[in-house]
Amino acid sequence: MTQITKILKDSDVVTTLLLFAIASIIYSGTGTDAKDWVFPLMACFSLFAISAFFLVKSISKIMTGKIVPDLEIDVEQIPSIINVIFFSFFIFIFLLILFAFGFWIASLALLWVSIAYFNPDNNIKTIVKSFVVSLISCLIAYVVFTHIFYVPFPESRLFG
Amino acid sequence: MIEAFFLAISPSYLLYMTIGILLGLIVGTLPGLTATMGTALLVPFTFALPTGEGIAMLGGLYVCAMFSDAIPACLVNTPGTPAAMATGFDGYPMVQQGRGQEAIVAACFSSALGTMFGAACYLLLAWPMISIALQFGPPEFFWLGIFALTIIGSLAGDSILKGLAGGAIGLLISCVGISHATELNRFTMNIPELRGGVSLVAALIGVFAVPQVLSMVLGLKRQEYIAEYRAEKGVFLKTILKVLSRPIHFLRSAAIGSFIGILPGAGSPIAAIVSYNEAVRWSKDKNTFGKGNVHGVTASEIANNAAAPAAMIPLVTLGVPGSSPAAVIAGALMLRGLNPGPELFATDGVLVYSFGWSLFIAGIVVFFVGMLATPLLVKVIKIPLRLLAPLIMFLAIIGAYAIRNNIFDVYMMLAIGIFVFLARRLGFHPGPIGLGFILGPIIEPSLVQALYISDAVGVQKIFFSGIINITLISLSVISVAAVALSRFKARRLAKQA
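Residues numbered from 1 in each chain as written. Chains lettered and ligands numbered in written order. Predicted model: local features only at pLDDT ≥ 70, side-chain atom pairs only at ≥ 80, totals over all residues.

Visitor: Would you mind going over the overall build of chain A with me for this structure?
Guide: Along chain A, the regular secondary structure elements total five helices and zero strands. Counting from the amino terminus, helix and strand elements in chain A follow one another as α-α-α-α-α. Here the C-alpha radius of gyration of chain A, 24 Å, is well above what a compact globule of 160 residues would show, namely 15 Å. Considering only C-alpha atoms, chain A reaches an extent of 60 × 50 × 25 Å along its principal axes. Per-residue burial over chain A gives 28% buried out of 160 residues. Contacts spanning at least 24 positions in sequence make up 63% of the contacts within chain A whose residues lie at least 6 apart. (Helix = DSSP H or I, 4+ residues; strand = E, 2+ residues; numbered from the N terminus. Rg over C-alpha atoms; globule rule 2.2 N^0.38 Å. Buried ≥ 20, exposed ≤ 12 C-beta atoms within 10 Å, placed from the backbone. Contact = placed C-beta atoms within 7 Å.)

Visitor: Help me out: how do you make sense of the overall build of chain B in this one?
Guide: Within chain B, the secondary structure is distributed over 25 helices and two strands. Relative to the globule expectation of 23 Å for 497 residues, the C-alpha radius of gyration of chain B, 22 Å, shows essentially globular dimensions. A buried classification covers 61% of the 497 residues belonging to chain B. Across chain B, the fraction of contacts at a sequence separation of at least 24, relative to all contacts at a separation of at least 6, is 79%.

Visitor: Just checking my understanding: could you explain the confidence of the model for chain B for this structure?
Guide: Where the model shows low pLDDT, its predicted coordinates should not be examined in detail. Taken residue by residue, chain B gives an average pLDDT of 84. The fraction at 70 or more is 98%. The ipTM for the predicted assembly is 0.93, set against a pTM of 0.82. (pLDDT = per-residue confidence, 0-100.)

Visitor: In this structure, what is going on with the interface of chain B and chain A? I would like to understand it.
Guide: Interfaces are frequently sized by the accessible area removed from exposure as the parts join. If you look at the interface, chain B gives 42 residues, while chain A gives 46 residues. Looking at the side of chain B that touches chain A, the elements that each hand over two or more residues are α11 (160–174), α12 (200–218), α21 (385–402), α22 (407–425) and α23 (430–457) of chain B. Residue composition of the side of chain B that touches chain A, by class: 32 nonpolar, four polar and six charged. (Nonpolar A, V, L, I, M, F, W, Y, C, P; charged D, E, K, R; others polar.)

Visitor: Whenever I open this one, the environment of valine 235 of chain B confuses me. Can you help?
Guide: Residue and element names in this part refer to chain B. Within the secondary structure layout, valine 235 lies in helix α13 (residues 235–244). What makes valine 235 partly exposed here is the crowd of 18 C-beta atoms within 10 Å. For the pair valine 235 and glutamate 102, spaced 133 residues apart in sequence, the C-alpha to C-alpha distance is 6.2 Å.

Visitor: Can you help me understand helix α14 (residues 247–262) of chain B in this one?
Guide: Owing to its 3.6 residues per turn, the α-helix brings residues three or four apart onto one side. Residues and elements named next belong to chain B. Taking 1.5 Å per residue as the helical rise, α14 with its 16 residues ought to reach 22 Å, and the 23 Å between its terminal C-alpha atoms agrees with that figure. The set of residues buried in α14 consists of His249, Phe250, Ser253, Ala254, Ile256, Gly257, Ser258, Phe259, Ile260, Gly261 and Ile262. Looking at the buried side of α14, the elements it contacts are α7 (100–124), α8 (126–133), α15 (267–282), α16 (294–310) and α17 (313–318). (Expected span 1.5 Å × (residues − 1).)

Visitor: Please explain the nonpolar core as it appears in this structure.
Guide: Side chains of a nonpolar character, in soluble globular proteins, are inclined to be buried together. Of all hydrophobic cores here, the largest spans 218 residues; its most connected members are Leu61, Cys74, Ala203, Val366, Ile392, Ala396 and Met413 of chain B. Composition of this core by domain shows at least three residues from each of domain 1 (2–64) and domain 2 (76–148) of chain A. If near-sequence neighbours (up to four positions away) are discounted, alanine 203 of chain B is found in contact with Ile173, Val198, Met412, Met413, Ile416 and Phe437 of chain B. (Core = buried A, V, L, I, M, F, W, Y, C linked by C-beta atoms within 7 Å. Domains from an automatic or database assignment.)

Visitor: So what exactly am I meant to see when it comes to helix α4 (residues 78–118) of chain A here?
Guide: Between its first and last C-alpha, α4 of chain A extends only 15 Å over 41 residues, short of the 60 Å set by a 1.5 Å rise per residue. Helix geometry: α4 of chain A is bent most strongly at glycine 102 of chain A, by close to 135°. (Bend = angle between axes of the 7 residues up to and from the residue.)

Visitor: What exactly am I supposed to notice about the packing of helix α6 (residues 85–96) of chain B against α15 of chain B here?
Guide: All names here are of chain B. Between α6 and α15, the shortest axis-to-axis distance is 7 Å and the interhelical angle comes to 45°. Relative to α15, the element α6 lies oblique. Within the contact between the two elements, α6 uses Met85, Ala86, Thr87 and Phe89 and α15 uses Pro269, Ala272, Ile273 and Tyr276. Considering only residue class, the contact of α6 with α15 consists of seven nonpolar, one polar and no charged. (Axes fitted to C-alpha atoms, helices over the stretch in contact; angles between N-to-C directions. Parallel < 35°, antiparallel > 145°, perpendicular 65-115°, else oblique.)

Visitor: Explain unusual backbone geometry here, please?
Guide: Residues other than glycine predominantly adopt negative phi, and peptide bonds predominantly adopt the trans conformation. All names here are of chain B. A positive phi angle is found at glutamate 183, which is not glycine, with a value near 55°. Relative to the helices and strands, glutamate 183 resides in the loop between β1 (177–178) and β2 (185–186). The exposure class assigned to glutamate 183 is exposed, which follows from the 10 C-beta atoms found within 10 Å. The backbone phi angle of methionine 189 is positive, close to 50°, even though this residue is not glycine. Relative to the assigned elements, methionine 189 resides in the loop between β2 and α12. Judged by C-beta crowding, with 8 C-beta atoms within 10 Å, methionine 189 ranks as exposed.

Visitor: What am I meant to see in the confidence of the model for chain A here?
Guide: Looking at chain A as a whole, its pLDDT mean stands at 88, while 98% of the residues score no less than 70. Ranking the elements of chain A by mean pLDDT puts helix α1 (residues 2–7) of chain A last with 82 and helix α2 (residues 11–28) of chain A first with 93.

Visitor: So what exactly am I meant to see when it comes to the environment of serine 114 of chain A here?
Guide: Locating serine 114 of chain A in the fold gives a position in helix α4. Excluding anything up to four places from it in sequence, serine 114 of chain A contacts Phe87 and Phe90 of chain A together with Pro390 of chain B.

Visitor: Please explain the environment of phenylalanine 20 of chain A as it appears in this structure.
Guide: Here phenylalanine 20 of chain A is to be found in helix α2. For the pair formed by phenylalanine 20 of chain A and alanine 52 of chain A, sequence separation is 32 residues and the distance between their alpha carbons is 8.1 Å.

Visitor: What exactly am I supposed to notice about the packing of α2 of chain A against helix α3 (residues 34–64) of chain A here?
Guide: Residues and elements named next belong to chain A. At a closest axis distance of 8 Å, the pairing of α2 and α3 adopts a crossing angle of 150°. What the angle tells us is that α2 and α3 run roughly antiparallel. Seen along the crossing, α2 lies across α3 with a hand that is left-handed. Across the interface between the two elements, Asp12, Val13, Thr15, Thr16, Leu19, Phe20, Ile22, Ala23, Ile26 and Tyr27 of α2 pack against Pro40, Cys44, Leu47, Phe48, Ile50, Ser51, Phe54, Leu55, Lys57, Ser58 and Lys61 of α3. (Left-handed = near helix turned anticlockwise from the far one by under 90°.)

Encoded structure:
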């Protein structure tokens, strides 16, 4: 088990699996008409060929015991990874509330929460400052995109 | 031509052109807003103006957007438009090294030079250039795209195979949607929004901006700013002299940009990529490219700006626009009852030449506007990453949405962005993925069209004959061989060391 975990932490092994998976999925979605599929098939076979190269490389690494677990995550990196996960979560929530509450509330919430979250020393002053920065950014984006470039931002479905 | 020049320097021409330039500064800087979108939105406002002033304003916006797209490419590694993708390859490393001011000044000055060169071609060489461009058919475009793909060798980072795989993934993403041959749905998974394909701009924001923002977030504990930055005296002059010190580099980049600009459908992004590739190939210090070589920035910017005025050449000579913004300008002319093409040259030569002069002067104005704005723009580096990361992500989301007013593009941008972010951990460089995505829409239709033609006369005759095909194939082979040789040498030197 430990050996398999170690092997799966080698970037070449993961690259092999990733490229093979992409090429297989693409290949399974192709059809028969030559002119429709010649180009995607060329790209697909290139991926198969490259994944085969990495497969040979990975096997030789396993056989010679030269596996490098370069994808291993250090304990020190975990807080940073949590930051990325939280930020991705904020974006996901933003996309959910964008149509429910419209541009203003969703954008203001995304920016305010993200800026406040990343601030290492939060107090009333920094939270207010984060709000002001978020408000100004939303205002500029709103004026530029909607009034100069006529981009119709999503409106709130709850408030009309 | 003299009469046209005096018309182009009249106060009303200069005023409206400058307004167009200022709008172009915003359009290029904001990811998601393209020069095409900017010119299209500006067309209704130009109706109130005389024709000359109206198209000068549109031309000003177009050429300035081709410069200002370099600003986010350099400062936050997010190209403002696809044409600036290659600018970020060296522009962003320069910023990381604290050379942000130098990167922006180089981009601005080379953009101005490129625009002026392209405009000079428009004024002086329109007819001879167009006669060469007319030799380009589908097989030639196919080989041009393949030649542009060879830049992967310079972008791949440590592993050329991972670079090639990235390029193939980019090409595959570009295949999503209705096929060029029999209008078949490919890889759409029955999602109606995917029938039109993945939006180029949204995908490029995903490839470059999203992984960049997530990396900023990942590095927040270690790094507070993109880079240390202090304004230095004399950078303007030093950078300008550095750009001028390579006249052959300038001429090569400008000639590539102007020539590719006149090829309908190729446009500024391809011009910038091919020019960057050639700059690397002809350079004595190849290894410094991708690590903050100022000539990487200038190669891309000279070419993509030279391509902008040059894209007007087929419009005024043949009535065929060389790029999407040129097509919008053609539309603006047609709405006024003017038919772009040889007829317009004959009936309204002053208008045609005054437009050329406006583009030339726009290059000079872009330089001054850029120089005035540079001290302000580089201050982005001084914004803490904890503020910058959410703001860039916010702009990226709005930009991806704005291009087609479609939230699905935002989902695609995020999906591609997260994929590229994770792929970067495996040693993939985002450049080849973006490159594949840009070149796919050029290579595939050309390949399919050429295959149809080859049904009648044979593959050999279509793909492997003719001076242009042979030249492009030879250049591609030389390019690949040069990369392989330089990597082999570098590896041998590393082993010896």
